[in-house]
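# Coordinate inspection notes
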Amino acid sequence: MPVYIRKTMVISPPSILSRMSDDEDDYLTDPDQIRDLLPQPYRMINKIIYNLFDDIWEIISERENARIAEASRIKPPKYECAIQMQPFGQATCLSDSIDGRYIFIGLPNGLAAVDAMTQQTVTTWEDDKIEVTQMQVSLIGVQTYLLCTVDDMGVSRFFAFAQDRIHLLKVASEQSGSGSKTIITKCQASTEGDFVGIVFEDTSNKETWIEVQKLPRDDWLRELEATSKKSTSQTKPQSPAPLGDDSDAPADGEQLPGEEKMIDAEDAEKEEKQSVGQRSQSPTSSRGAMSPVPPGGGGSSEKMHTKFSTPTLVVKIKPPADITGCNASTPQQATKLTDTGEVIGSGSNHSLTAHHLENRKAVFDYFHEQHLRYLPKEEESAQQPMFHFFTAGRLLPTGLDMPGQEGRPSSIGVWWVGGTQVFYYSLVKASKGNLKL
């Protein structure tokens with residue numbers, strides 16, 4: 001059946017807004033309403049599960065981010081040593097050389113030098129009465145090392161390791177039979193072994209001071225070279241006698257002079273091994289269980305009686321005096337004694353009287369009485385210093401910057417534990433005063 005539509009009639013498309021329902025629970029307006037609301041307690045279980053999934057996802061994200069950060073971080077190389085070092089027992093200290101060639105180990109009965117590459121013992125220096133507790137190594141020549149050691153008795157010794165041997169250069173302090181007993185608590189040399197700082201302590205009155213000594217490095221190098229040549233010439237084998245000459249042939253039952261010396265050396269070596277074994281197995285040893293040098297892997301350095309050069313004293317540094325009140329009776333005298341500020345001083349020259357300092361301390365103790373009781377009790381102990389060697393720089397006074405001292409220590413900085421000042425002393429030229437920062 002035909003349908004007639006007017007040409008002027010406009011049919012508008014249906015509007016979506018006009019078809020929307022006013023019902024708030026209609027699932028067409030809110031997609032979340034496509035599912036019906038769960039009754040209790042299933043609604044609470046659903047909420048708990050959703051929260052649990054959210055927490056798990058946060059943990060997974062954190063672990064994934066940490067794994068990505070760890071994978072992007074540059075890890076240091078890890079090396080496994082294929083060679084096992086020989087056991088040294090109760091090693092007391094350890095130090096390595098600057099060039100990384102050798103490792104020096106302090107033992108209860110001496111010293112040992114170990115090759116860092118092969119892990120084999122190069123040489124040892126044995127003495128049952130010396131237990132090394134501190135050691136510092138400096139490079140003073142071509143494969144020549146200076147070892148500054150301190151033992152358990154407070155005695156410092158200087159050793160030199162050269163030509164695969166350890167030589168005793170100097171004993172810095174020896175015990176005396178007097179009433180006052182002086183020990184060494186620290187011994188530290190400069191980088192190239194030009195100077196050494198030794199901290200002495202008097203156990204009777206707890207007094208401490210530092211002695212800076214100049215080491216005869218060049219003389220020691222020449223003396224070590226002469227000693228090595230002398231030991232090489234002594235151990236050089238003698239040339240055998242020519243064949244066919246029967247005039248010097250020994251009779252039956254006689255021995256050659258070389259054979260007799262060789263047999264005596266073997267007997268002496270056997271006796272020495274037996275005596276060392278008896279000493280190590282003796283239960284009445286005064287030093288307890290000793291840590292013997294491991295056998296094999298290197299010979300023992302011979303204790304050759306060679307007289308080496310002696311270090312010279314450069315400066316002796318004592319701890320600074322405590323700050324006390326000004327003894328001036330009038331303000332004019334106090335003004336004259338006060339530092340003008342042109343140079344850096346230690347703070348001892350001031351215009352504060354002793355009564356003023358006592359009042360300040362009393363006021364401080366009164367306001368902080370509750371906190372002061374928690375402080376540890378002060379025990380009478382010696383002031384321990386710290387020091388460091390400096391090369392030529394801006395702190396060196398004018399006129400002492402010698403061109404020949406370039407690269408070598410020219411001054412020493414000292415600071416005492418518990419203090420707030422650094423004391424600066426020149427080592428190039430002896431001066432009356434010193435700078436204090």
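Bear in mind that the values here come from a model prediction, so they are computed numbers and not experimental data.

Time to look at the pattern of salt bridges. This structure, assessed with the given rule, holds 11 salt bridges. Across the salt bridge formed by aspartate 99 and arginine 101, the nearest N and O atoms sit 3.5 Å from each other. Relative accessible area serves as the criterion here: at 41%, arginine 101 is assigned to the partly exposed category. For arginine 408, the salt bridge is made with aspartate 194, and the minimal N-O distance between the two is 3.8 Å. Of this pair, arginine 408 sits in the loop between strand S14 (385–391) and strand S15 (409–416) while aspartate 194 is found in the loop between strand S9 (182–189) and strand S10 (195–202), placing the two residues 214 residues apart along the sequence. For aspartate 194, a relative accessible area of 3% translates into the label buried.

Attention shifts here to the sheet that holds S9. With antiparallel pairing, the 4 strands of this open sheet are ordered in space as S9-S10-S11-S13. What marks the edges here is a single partner per strand, and that holds for S9 and strand S13 (312–317). Recorded for the sheet is a direction-independent mean angle of 25° between the axes of neighbouring strands.

Time to look at the confidence of the model for the protein chain. The predicted model of the protein chain averages 74 in pLDDT, with 64% of residues at 70 or higher. Confidence, read as mean pLDDT per element, is least for helix H4 (residues 257–281) in the protein chain (42) and greatest for strand S6 (residues 144–151) (93). Confidence over residues 241–266 falls short of pLDDT 50; this stretch has 3 contacts with residues more than four positions distant or in other chains. Confidence over residues 430–437 falls short of pLDDT 50; this stretch has 16 contacts with residues more than four positions distant or in other chains.

This part is about the sheet that holds strand S8 (residues 165–171). Taken in spatial order, the 4 strands of this open sheet run S5-S6-S7-S8, and their pairing is antiparallel. Edge strands, defined here as strands with exactly one partner in the open sheet, are strand S5 (132–141) and S8. Here the strands of the sheet are splayed against their neighbours by 25° on average, with no regard to which way each runs. The pairing of S6 with strand S7 (residues 156–162) spans 6 bridges and is antiparallel.

The subject of this paragraph is a nonpolar patch on the surface. Taken together, the side chains of Leu38, Tyr42, Ile45, Ile49 and Phe53 define a hydrophobic patch exposed on the protein surface, amounting to about 510 Å² of accessible area. Mapped onto the fold, phenylalanine 53 is located in helix H2 (residues 42–72). According to the relative accessible area criterion, phenylalanine 53 is exposed, its value standing at 55%.

Below, the discussion takes up the environment of methionine 135. Looking at where methionine 135 falls in the secondary structure, it is placed in strand S5. With relative accessibility at 14%, the residue methionine 135 sits in the buried group. Along the chain, methionine 135 and aspartate 151 lie 16 residues apart, while their C-alpha atoms are 9.0 Å from each other. In contact with methionine 135, other than residues within four places in its own chain, are Cys93, Leu94, Ser95, Phe104, Ile105, Gly106, Leu111, Leu147, Cys148 and Thr149.

Conventions we followed
Residues numbered from 1 in each chain as written. Predicted model: local features only at pLDDT ≥ 70, side-chain atom pairs only at ≥ 80, totals over all residues. Heavy atoms only, no water. Salt bridge = Lys/Arg side-chain N within 4 Å of Asp/Glu carboxyl O. Buried < 20%, exposed > 50% of the residue type's maximum accessible area, 1.4 Å probe, protein only. Helix = DSSP H or I, 4+ residues; strand = E, 2+ residues; numbered from the N terminus. Pairing = 2+ DSSP bridges. Axes fitted to C-alpha atoms, helices over the stretch in contact; angles between N-to-C directions. pLDDT = per-residue confidence, 0-100. Contact = heavy atoms within 4.5 Å. Patch = residues over 30% accessible without salt bridge, like charges linked within 9 Å, V, L, I, M, F, W, Y side chains within 5 Å. Areas by Shrake-Rupley, 256 points an atom, 1.4 Å probe, with all protein chains shown as cover.

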